[in-house]
Each structure stands twice: as structure tokens, then as C-alpha cells.
Amino acid sequence: MISKVMIEKNAYHDSVTLMSLSGKVLGVEGVEEAVVSMATGMNKELLDNIHLLTDEAKEATENDLIIAVKAVSEEVLEETLQFIDDALNKKKSSKKSGQEQTAETLNKALDYLPDANMAIISVPGEYAAREARLALNKGLHVMMFSDNVTIEDERKLKELGREKGLLVMGPDCGTAMINQTGLCFANNVKQGEIGLVAASGTGLQEVAVQIDRLGYGVSQAIGTGGRDLHKDIGGIMMLEGLRALDADEQTKVIALISKPPAKEVQDKILEEVSKINKPVVVGFLDGDQVAVEQSGAVFAPTLIETARQAVKALDSSVTLDKEISETLVNYAQNEQASLQDKQQYIRGLFCGGTLTSEALSILRSEGLAVKSNVAKKAEEKLDNIHESVGHTLLDMGDDDFTKGKPHPMIEPSLRNDRIREELLNEETAVLLLDFELGYGSHEDPVGESIATLSETLSELKNQGRHVSVIAYMCATKQDKQGYQNQVDRLSALGIYVAASNEEASKLAAMITSKEVK
Amino acid sequence: MSQINTLFSQPLKVINIGTSTFKKDLDLQQTEAVQYDWRPPAGGNLELIEALDRFMEDPKVQAANEEAIKRIKDAHPFLIDIDHAKNVIPGMHEKKILHSGPPIAWENMCGPVKGAIIGAVMYEGLAEDEAAAIQLIEKGEIEFGPANEHQAVGPMAGIISPSMPVHVIENRTHGNRAYCTVNEGLGKVLRFGANSKEVLDRLKWIETVFAPALRKALAITDGIDLKSITSQALHMGDECHNRNKAATSLFYREIIDYFLQTDLTADELREVVGFIKNNEHYFLNLSMPASKSALDAAHGIPHSTVVTTMARNGVEFGIRVSGLGEKEWFTAPANFVKGLFFPGYTEDDAAPDLGDSTITETMGIGGFAMGGSPAIVQFVGGDVEDAIAYSEQMYEITVGENTNYSIPTLNFRGGAFGIDIRKVIETNILPVINTGMAHKEAGVGQVGAGIVHPPKACFDQAMIRFKELYEEETS
């Protein structure tokens, strides 16, 4: 084994680029360890753990790039270093040759685009609040993808935004659609008359996708970041978003999407809802139906219901078919027949946090006892995220899984080891997976996992075993990755691709229930 | 209607701060967007970020900086005389030697500076030979001081000893003066640490023949307008630090007629004007004190974050800031220059960055004006595009644009000037300097030229000090 550690002074690269590069390098045959990262305290620790923290690396600062590789041979090492160099520098040269202008300061960026009206911020959390404040002071609306921003900073920013009449979407806001442009992680959804305000990224994506599938469209989709309904923030952006959509002529129906907020925040939101003249659907997952209905809004307990109710409010003539089809029942029966006695449990490996919550809610309503790392109820909490117990749903995008790694929506391959593990587990009856297409997401999410799925499934087959794999693809037909192609490759392995996260969950419940109705 | 509804009615235009992945998908959607390749401000130092946030929008700082750049721009330097250093430089005496850069003790000096000082001691007749000179210095008989603290500047080692003739520059707008020796030319010269007989003989010739002749010529003039020459030379391909061909020619054109009016013999005349004609860096030793006279006028403005000095002594790089003390230097180890080497030399031969000539960059010319000096690019390495990019980049860290010193290749935009420590820290962009490289051993001479930046630590320290000094007062 041979290793090399290099420090490039003052060579800042963003963490998403570096992490996906590290991922690619680790995938090279003969590479044992690879770290390509800025020399932050955390990354130095990481380096120390793999015994590559040299004295020079210890001295490096957050502005310096560390390239550390351990490989089986000198040849592989040199090739890998060359590969890293190319990957990092190719970007620079292509920048130069195109007429594309890249700014090094906010002022310069504003020189290039004087009438800019939105800033998307994806810098490390400790600096994000400052950049957001600078952008707001320049009169820009802000979307903060960055997380790890303190709640105090979040409140100050949102108060500043409210004072200036500007959007502060986030921190930790993954999805928005403004003027038909998808920001960060968003699907290509038809234009329409339903306005959304969501404190959840994949929740917003799923509602928008389902609206699209029902044949309707979205006017604006405002993300607020997951903590907006926390009592310390008090739903500032959800309230601002609600008012803006109320005033927006394109928007005929408004839908709110969130996990249930604190009581006092819910009261404040519902009070505002009661003043809105347009139909409002409140999709608070596992929320307080009575309180919502008292405000004059329609209550929706799940994401898909939020989409359905919003569509229904827009067009009362629409027929919503919620019945489980006979084909699906037959499918469940067939699957059930091919399971062995020990195979009793659903194992869900999700990339989308709110899709996990929705699945949990649906399985619970089907009478199943489920454990999950997104659970709020004590009895549903999972003790050890690395070990599934009974029916288990995992949000693989949770911080515990993503420390120092990209989110699985960016790098779906991070889920592969666990996919294999759950498939081979003799208690697993159904493996539930989600795939997110759209802007921001991986170019080929299915492609990243297809080999693992196909190999493990045929391994099982050779052992005379079978596990039902049910996938849901949160995507529209228009999404850039090509919906049908993604679906076809899963179908070819005998994987059932459901029409919604709800359908996937219900089908899973049917297969594992003792009798299929 | 809130701004949010206004947004809904406008085309979305995005500044993407951070990962470029999001920008790519905006491009795909044909949404207009600009990528801002963000880096942690202030190198990620939270104390500095706090200091920045405290002073970035401070109106007192803005006003003080406007005043600083007004003074720098308004300064009008004239060459009025040449005289012995001891006669004109305040605080100069028979046993005092000035050097470039921030203060430094003899034992810490770099090779070329030591060599030049030894040469100066012998030149002054204080010692017979090198050994005696060293002995005298080690006994503490010679007082050293930074030229910059004495209204003076010197290229490379920057040595000024009492008998040396210095150009006397008068800033007629503000009334202050600045001083600089006569450029000796290239090859074996004192400023690179050479101190052989040939070097000292040339210095003596400058003192006894050249300076008296120039003095006679200058006495007839009303002063030679250096601002005008600099401004013209910048339109003729000079940046007035490493390229002074045009400026030297313009100076020659100005002075020649006055020389002809003196009582010098034809031979004396040919020898003296030939010295100017044969040294295309003659004007460097006028460009530097001209810049110095403007920047000294801008020093000492309370609340100003404008840099008034950048200088190197071959060991450390030092800066001074207008709103901070007269003798308050912020120093860090000098960087090595990156660039082209003369045949036979490599990076291992070079001394760290050296000399007061960065006074030109502090003024907003030199490296800052490189975009208008395509020819210099061949000298320091790189492409013309790079040079233009450097000049453009400097607007990000400066307070103003000097329309007196405009850059043709930037559509005659006024050059970036008035380096603001706050902006340097916020943007992580360091001033760009183009410079010669001295051999690390005394007397070998120049080994190459290239690009160098000040260490960022100088600016960091200055900002912290600025915060200590002003945070209570202005809050």
C-alpha cells in the first residue's frame, strides 16, 4: 500500500464538488482511501482516522485543499492523482474558454447581472447567514440550501426578509419553484394555478409531482426550510408565502405542506389561513384535523392527499380514483405466495425525508408497527440506525448518514450497501425504495443502484429466495433524467414501480399483511 | 404589494453562491444566472469576519477612505532637485543607513541587503573593506531605519547612505516631499547587494558628476511634472514599476533641453545624458518617490482603511494603513516571486520578495496597471489576458478609480487604487505585484522577474488592530 498527501494552498472548491469527486475516486479499482477536501477541522480528523494526517496537513487551513490518496501501487496512485487534478482543473479551463462569467464577489456578480433578484446560497453553514444577510441587503430574495445555520440567525434573517418584503427560503431549503424555474432540487412540473408553501423539500416535490400527474400544475412553490414552523421562528416565511400567494393572480388554490407545527405556531398559521379568500389545503402530516377545519381550510394528512385536495379545490369536477386496483391486489397475492415464513417485514430505504414520514404514517394507518429514524412518537423511534428491527423505514438523507458525505439524492450509490444488506436479511419481505428525479438530483439515480439490485436479486434467486422490491419514483415525465428509461430499468428486474409513495407503501403493507383483501 | 409579488411578475435572475451544480440546472432551464465562486471570507477567520461586519458599512470609514483616495489622486509630484541624503532627508545623519521594507535588525537581514549595506559603509569611507565594515556594524556604530519612515523609498535593498544623492520630489498639492536615490542600471549594482569597486565607483560618479549636473539642470526648471509623465507613460505601455521605457524617454525629452542650458561641456553633457538614455529603469526611481509623496499625504486619516505602504525587506513584507500609526507596520514573512528566471538561474537562487518598489502598486500602478502594459507580460510570464484580468480584479479590493492614471486596454477606465484592507480580507483577493527577483546571495544581481502577492496575514493583523482601535470609538 502506498499513500500520498498533498496540500494546495488557497485552492477553495465547494464541498459538493469535492465530495462527489472523493466518491468517484474511491470507486477506482486499487484505491484504498481517498480524501479530497478542504482542510477543515472535521476533514483533518477524517484524515487522522485513516492515518494520512501529515504535519503539513495539520498546518493547513480551511482555505487549503487536501488531496490524500492511499492505493495498492505507485501506478494507481499517480493515475488517481492525475485524475483528481484533471477533474479539479478542467472546470477552470472550460470557464475560461466559454464566455461564461464567473464572479469572485457578490458585487462582481451583481455587475454581471445587475437586475438579479434571487440568491441561491449553498455555502458551509457557518458562513451562510452572513451571505444571506449581504444578499438581502442588496435587495435579493434568498434561497438558502445551506444547513447548520443557528436558529437565532434564521430568525434574524427572516425578520430582515419580512421587513424588506423579501423571501428567505431556508436555511436547509432544498426545493422551490419560482416563476416556473425549479431551484436546487425540483421537478419539471406543469405550469398551473396551485400555489405551494412547504417546510419540507421532498414533501414539496411529491405534492408538485402528484399535482402534475393528476394533470394540473403549479403557479409558485415556496420553500421555507424545515424549521420555519419551529416556535422560535413562528412560521414567518410560511405566513409571508401565504400572503404572497393570496395576492398572486396566477394562484387559485393554496396548499401548505409541513410536519405538524408547534401548537402556538399552528394557531398563528391557521388564523392567517382563515383570512385568506382562496381555498387553502393544509397538508400537515399527521396533523390536527379539527383545528385545520375550524380555520375553514381543507385538511390533508398525507402528501398525496394534499395534492388531491388541492386539485379538487381547483376543479370540483375532477374524479379522484383512490381504490386499489385489482391488478395491484393480484400482484400482492403473487408476491406474498413467493415469500418464506421468516420474511415478514418491510424495510424502506429512502432518500427523501418527508417521503419516509409519509410512508410511516400510511403504514401506521394500515395497522403496522413501524420503526424509523424520522419517527416523532417514542414507540416508533429506532434505537440503532445501522440495524433494522421489524418494519423499519430509514431516511438515508438524515445527518447521521450524511456526515462528510453528499446527500443520497446527489449520490444515490451511498445507499447500495444497505440495499444489499436488507435484501439478504432473511426477515425482509419487502424492500421499499424511492428515487428522485429532477433538477439538482443525480443524473442517473437508477443507474447508480441497478448493479447492486440486479446482483443481489439474482443471488437470492440462486438461493431459491425472493424479496419484493417496490420503488417509487418521485418524478414527472418532463424531468431531465428521462422518467420512462429509469422506470424501465427497474421493471426489467421485476421491481414494481408505484404511481405514488402512498401506493408503494400500501402495496408493501398488503404483501406483509396476513391476508390480502 | 410585497417584493415577493413583484418577483412573481419579473423574470427570475439568479446569483448562485456556492456549488455550481445548481447553476448548471438553471442554465438547463434557461434561467439567467451568474455563478459566484464563493470562498470563505477572511480565510474563514471568524474574528476577522466579525471585524469586517462591524466596519464594512461604517460611514466614518467610507468618508475617511474617500478623503484618502482624494489625496492620493490630487497629489501632484514634481522633481525639483537632487541633493545629498544627509542634507534633505529628515533624521538622516553621518552614520545612518536607510533600507527598504519594514524595520529589521542587521542580523536578520537577507544577503543582498547586507551586501548593499557593507557597500554603503565602504562608499561612505567609514570602513576600508568588507571585514571592517561588518565589524563596525556589529559594534552597533551604524543606525538603520526603514526608508519608508523617512519620506524615502528605495528599490530592492533600497539602501540610502548620507552622501548619496537623492531625487527630491515635491508634492505641490499637499506640500510634502519624498526622496529616492538614482537608479544605477542593471547588472552588478548596489541595490542587488553588489559592493565591488566597480559598483562603488559608479556610485561615486553619480555623486560627483551626475548629481551636480542634474542639479544644475533642475535649477533652471520649474520642476519636472512627474504626474504628467506617469499618466502619459501608462498610455504608452509602461506600468511604471517594471517597465519604464516610455516614462524614461519622456523624462529624457523633458530634461534634455535644460541640460543644454547648463554650463556643462559637451563631453560632460554626453556622459550625463547618456547615463539616463542607457538606463530604461531611470524613471523607476522617480515613479517610486512620486507615488510615495502621494501616499504619505494620505497617511494618518483617522478611520481610513486604505493601505499607504507596501514594502519588503527580503525577509518580511510590511504594510501600513492610513488610519493606523505612522510607525505601525503589519508584517509577515515575504513570499517568493513566481515567474521567469534568467538563463542559468532557478527558484533556489532567488531571495524572497524585496524592495520598496511596491509603493507603485500601493499607488495603483505597477502590477495594478499591468493590463495596460502587454509588453511586461513577457518579462514576468503569463498571457496578456492574465494581465488584463489582474488589473480588472484589483477594482474588487480598492476604494476608487484614478482617472489621472487610466488604462487604455480597459477602455481608459481609471486604474484601481486605494487598497482597502477590508475588501482584501472579505474577498481573499490580494494586491498583485510584478517585480524583479534578486539573487539570495549578495552581489549576484537580478535572477528573474514575476508576480507576487503580499502575505494575507499583514492585512489580517491590520484589520484586527483597526478593530481594537476604533470599535469603541465608533459604536
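As the structure is a prediction and not an experimental result, all values here were calculated from the model.

(A) Region of the structure containing the overall build of chain A. Regarding its fold elements, chain A presents 19 helices and 20 strands. Expressed along its principal axes, the backbone C-alpha trace of chain A runs to roughly 65 × 65 × 40 Å. Taking all 517 residues of chain A together, the buried fraction comes to 57%. Across chain A, the fraction of contacts at a sequence separation of at least 24, relative to all contacts at a separation of at least 6, is 71%. Entry remark: accessible area of chain A is about 21500 Å², with carbon and sulfur atoms responsible for 46%.

(B) Region of the structure containing the pairing of strand E10 (residues 316–321) of chain B. All names here are of chain B. Extensive coverage of E10 is indicated by the burial of five of its six residues. The turn linking strand E9 (residues 307–313) back onto E10 is made up of two residues, and Gly314 within it adopts a positive phi angle of 90°. Direction of pairing for E10 relative to strand E11 (residues 330–333): antiparallel, over a ladder of four bridges. Its bridge partner being in E11, Glu316 is matched across the sheet by Pro333.

(C) Structural view of the sheet that holds strand E7 (residues 177–181) of chain B. Residues and elements named next belong to chain B. Pairing is antiparallel in the open sheet, where four strands are placed in the order E7-E6-E3-E8. In this open sheet, the two edge strands, each paired with only one partner strand, are E7 and strand E8 (224–225). By the bridge criterion, seven bridges tie strand E3 (residues 77–84) to strand E6 (residues 165–171) in an arrangement that is antiparallel. Each residue of the ladder has a partner; that of Asp83, found in E6, is Val166.

(D) Structural detail: the pattern of salt bridges. Scanning the model with the defined rule gives 58 salt bridges over all chains in all. Among the salt bridges present, the one from Lys275 of chain A reaches Glu272 of chain A, with a minimum N-O distance of 3.8 Å. Of the two residues, Lys275 of chain A and Glu272 of chain A both sit in helix H10 (residues 263–275), three residues apart, roughly one turn of that helix. Of the charged contacts in the structure, one is a salt bridge between Lys95 of chain B and Glu141 of chain B, with a shortest N-O distance of 3.2 Å. With Lys95 of chain B in the loop between helix H5 (85–88) and strand E4 (96–99) and Glu141 of chain B in the loop between helix H7 (130–138) and strand E5 (143–146), the pair connects residues that are 46 residues apart, well separated along the chain. Residue classification places Lys95 of chain B among the partly exposed residues on the basis of a relative accessible area of 32%. Linked through salt bridges whose partners overlap, the residues forming this network are Arg347, Arg418, Glu421, Glu422 and Glu427 of chain A.

(E) How the structure looks around the UniProt feature "domain: ATP-citrate synthase/succinyl-CoA ligase C-terminal" (unreviewed entry) in chain A. Annotation from UniProt places "domain: ATP-citrate synthase/succinyl-CoA ligase C-terminal" (unreviewed entry) at residues 349–510 of chain A. Annotation note: span residues 349–510 of chain A, helix share 39%, strand share 18%, distance between end C-alpha atoms 18 Å.

(F) Inspection of the packing of aromatic side chains at higher detail. Under the counting rule described, the total for this entry stands at 14 aromatic pairs over all chains. Taking 6.0 Å as the distance between ring centres and 35° as the angle between the ring planes, the aromatic pair formed by Trp205 of chain B and Phe210 of chain B counts as tilted. Classification of Phe210 of chain B as buried rests on a relative accessible area of 0%. Linked through ring pairs, Trp205, Phe210, Phe251, Phe275 and Tyr282 of chain B together constitute an aromatic cluster. A cation over an aromatic ring shows up here: Arg415 of chain A above the ring of Phe435 of chain A, its NZ or CZ 5.0 Å from the ring centre. Sitting over the ring of Phe55 of chain B, Arg54 of chain B keeps its end group 4.6 Å from the ring centre.

So, how was this worked out
- Residues numbered from 1 in each chain as written.
- Chains lettered and ligands numbered in written order.
- Predicted model: local features only at pLDDT ≥ 70, side-chain atom pairs only at ≥ 80, totals over all residues.
- Heavy atoms only, no water.
- Helix = DSSP H or I, 4+ residues; strand = E, 2+ residues; numbered from the N terminus.
- Buried < 20%, exposed > 50% of the residue type's maximum accessible area, 1.4 Å probe, protein only.
- Contact = heavy atoms within 4.5 Å.
- Areas by Shrake-Rupley, 256 points an atom, 1.4 Å probe, with all protein chains shown as cover.
- Pairing = 2+ DSSP bridges.
- Salt bridge = Lys/Arg side-chain N within 4 Å of Asp/Glu carboxyl O.
- UniProt positions renumbered as here; feature names shortened; annotations may be inferred.
- Phe/Tyr/Trp six-rings, centres within 6.5 Å; stacked < 30°, edge-to-face > 60°.
- Lys NZ or Arg CZ within 6 Å of the ring centre and 35° of its normal.

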